[in-house]
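# Structural characterization, general
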Amino acid sequence: MAEDFFKELMADALGKSPEEFSEIVGEPAKICDVFVQKIYKDENMRKFVWGVSVVIFEGDELVESSTYAAFYKWGLAKKYAQALADFFKKQGYETHLKGEIGE
């Protein structure tokens, strides 16, 4: 909360919009987080698939939050997540792979 107030105060002082101020201080305007996580199919949490989800922000605004695909094999989910991350990087997003992605 205080950080947002400070950004708005400094932006006003410089005669800039909060988005322009974010660019000045080096904060990315477009962010994409790609997650690989387990999606459980039963209440006992024994059966699951690997979900690949994307969360996209432009500035402070949430643009999209959705699961793009589900896989039975972790390796396929990892490859798909990496391909999505590459795609969004090419679109100008600061992109991060998160979740159970491993190395």
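Residues numbered from 1 in each chain as written. Predicted model: local features only at pLDDT ≥ 70, side-chain atom pairs only at ≥ 80, totals over all residues. Heavy atoms only, no water.

Looking now at the packing of aromatic side chains. Scanning the entire structure with this criterion turns up 5 aromatic pairs. With centroids separated by 5.3 Å and ring planes inclined at 90°, the aromatic side chains of phenylalanine 48 and tryptophan 50 adopt a geometry described as edge-to-face. When the centroid spacing of 5.4 Å and the interplanar angle of 55° are considered together, the rings of phenylalanine 71 and tyrosine 80 count as tilted. A relative accessible area of 18% places phenylalanine 71 in the buried class. Here the aromatic residues Tyr40, Phe48 and Trp50 are joined through ring pairs into a cluster of three or more. For lysine 30, the ring lying beneath its charged end belongs to tyrosine 93, and the centroid distance is 4.5 Å. One residue, lysine 38, lies across the ring of phenylalanine 48, its end atom 5.0 Å from the ring centre. (Phe/Tyr/Trp six-rings, centres within 6.5 Å; stacked < 30°, edge-to-face > 60°. Buried < 20%, exposed > 50% of the residue type's maximum accessible area, 1.4 Å probe, protein only. Lys NZ or Arg CZ within 6 Å of the ring centre and 35° of its normal.)

Okay, the side chain of serine 53 next. Relative to the helices and strands, serine 53 resides in strand E2 (residues 48-58). A relative accessible area of 11% means that serine 53 is categorised as buried. Within the structure, the side chain of serine 53 is placed 2.8 Å from the side chain of threonine 67, a separation counted as a polar contact. Apart from the residues lying within four places of it in its own chain, the contact partners of serine 53 are Asp33, Val34, Phe35, Gln37, Ser66, Thr67 and Tyr68. (Helix = DSSP H or I, 4+ residues; strand = E, 2+ residues; numbered from the N terminus. Polar contact = N/O pair within 3.5 Å; in protein donor to acceptor, adjacent residues only side chain to side chain. Contact = heavy atoms within 4.5 Å.)

With 71% of its residues at a pLDDT of 70 or more, the protein shows a mean pLDDT of 82. Put simply, helix H1 (residues 2-14) is where the protein has its lowest mean pLDDT, 52, and helix H3 (residues 74-90) is where it has its highest, 95. (pLDDT = per-residue confidence, 0-100.)

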